[in-house]
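The chain contents come next:
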Amino acid sequence: MSTRVTPLLLSGIDRLPRHSRRCVFWEMDPDTVDEARGFADPEFEKEAWLSTVMLQWGSCAQIATVGEKVAACAFYAPPNMVPRAQLFPTSPVSADAILLTTMRIEPHAEGFEVGTDLIRAVVDDLVRRNVRALEAFGIRADAEADAVGDTPSATAANACSPHECMISADFLEDMGFDVVAPHHRFPRLRLELDRDHGWKEEVEAALDRLIEAASITVEDFAGRTTVGVQ
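What you see is a predicted model; the values in this text were computed from it and never measured.

**Let's talk about the nonpolar core**
Among the nonpolar cores identified, the biggest contains 31 residues, and Leu-16, Trp-26, Leu-50, Phe-137 and Met-166 are the most heavily contacted of them. Looking at this core, the elements that each hand over two or more residues are helix H3 (42–56), strand S2 (61–66), strand S3 (69–77), strand S4 (97–105) and strand S5 (133–139). Here Phe-137 is in contact with Trp-26, Ala-85, Phe-88, Thr-90, Ser-91, Val-93, Leu-99, Met-166, Ile-167, Pro-187 and Arg-188, once residues within four sequence places are set aside. Residues Ala-72, Ala-74, Ala-109 and Phe-177 belong to the second largest nonpolar core, which totals 28 residues.

Structure representation (structure tokens):
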């Protein structure tokens, strides 16, 4: 089944999956969310943010579909239009970069390579717009940090959290991003953009290394099995 990635249009906001349509983890200041909790409508706030960014800056999201179903989406915008971008220990985002905020893959699409397709679509869009770099705040697993609350506070619905609304630092590194501001929990990563799409070579090389490592593991396992049978 083929994957298709298209820019999100104002007329297509209702196509977003429920979590992505209601999540304002990045789009609202946490203090504002706390004050408005109970009477603010996160879906309205998300649509207002998307409308503002699209009208003032342009396309800020890509949607991947597998068959007829929305499989995943990715959001990106100038960091000055993303309230939470200033609140990380590795802030601020570089002045020449656009911020990739979140990428969410729906459960039914986890077997497809939609993550890579989304990154490619975001990069292609930004290259056409002469953007120099794409940055993101990645997240690394840290059970102890989660236990003591070493994360920016969750917003929107109960399902919103750094784990749900941020992108894995490991995945970003696999896609060719480099860590430019190290942190044990929230590193900031950067992908240089150019019209030659040099990033694709880095991504392909990273994927080749993953495949090679998997092949070695399989061969090693098969060898041990054969020895055991003899």
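Once the structure has been displayed, the description carries forward.
**Overview of empty space enclosed by the protein**
Counted according to the given criterion, the structure contains one cavity of 30 Å³ or more. Roughly 70 Å³ of volume is contained in the largest cavity. His-19, Ser-20, Cys-23, Trp-26, Glu-27, Lys-46, Phe-75, Thr-102, Arg-104, Glu-164 and Cys-165 are the residues that line the largest cavity. Counting residues per element, the ones that place at least two in the lining of the largest cavity are helix H1 (18–22), S4 and helix H6 (162–165). Looking at the lining of the largest cavity, its residues break down into four nonpolar, three polar and four charged.

**Considerations on H3**
Across its 15 residues, H3 extends 21 Å between first and last C-alpha, which sits within 8% of the 21 Å expected from 1.5 Å per residue. The set of residues buried in H3 consists of Pro-42, Lys-46, Trp-49, Leu-50, Ser-51, Val-53 and Met-54. Taken together, the buried residues of H3 touch H1 and S3. The backbone nitrogen of Glu-43 has a side-chain oxygen 3.0 Å away, supplied by the residue at the start of H3, namely Asp-41.

Parameters and conventions
- Residue indices begin from 1 for each chain and proceed along its sequence in written order.
- Totals for whole chains, interfaces and linings use all residues, but because this is a predicted model, local features are given only for residues with pLDDT of at least 70 and pairs of side-chain atoms are given and counted only at 80 or more.
- Side-chain numbers here rest on the full set of heavy atoms in the structure, without hydrogens or water.
- To qualify as a nonpolar core, a set must consist of buried Ala, Val, Leu, Ile, Met, Phe, Trp, Tyr and Cys residues joined through side-chain atoms within 4.5 Å.
- Residue burial is assigned from relative accessible area. The probe radius is 1.4 Å, only protein chains are included, and a residue is buried under 20% of its type maximum, exposed over 50%, and partly exposed in between.
- Under the DSSP-based scheme used, a helix requires at least four consecutive residues in state H or I and a strand at least two consecutive residues in state E, with every element numbered from the N terminus.
- Whether two residues are in contact is decided by their heavy atoms: any pair within 4.5 Å suffices.
- With a 1 Å grid spanning the protein atoms alone, the term cavity applies to any set of points in which a 1.4 Å probe fits but cannot get out, the term pocket to an open set with protein on both sides within 12 Å along at least five of seven lines, and the term lining residue to any residue with an atom within 4 Å of a point.
- Grid points are joined across faces, edges and corners, and a volume is the space filled by probe spheres set on the points.
- Only Asp, Glu, Lys and Arg are considered charged in this grouping, and only Ala, Val, Leu, Ile, Met, Phe, Trp, Tyr, Cys and Pro are considered nonpolar; every other residue, Gly among them, is considered polar.
- Between the first and last residue of a helix there are one fewer steps than residues, each counted as 1.5 Å, and that sum is the expected span.
- Each polar contact in these results corresponds to two N or O atoms within 3.5 Å; when the atoms are within protein, one needs to be able to donate a hydrogen and the other to accept it, and residues that are neighboring in sequence are counted only if both atoms are side-chain atoms.

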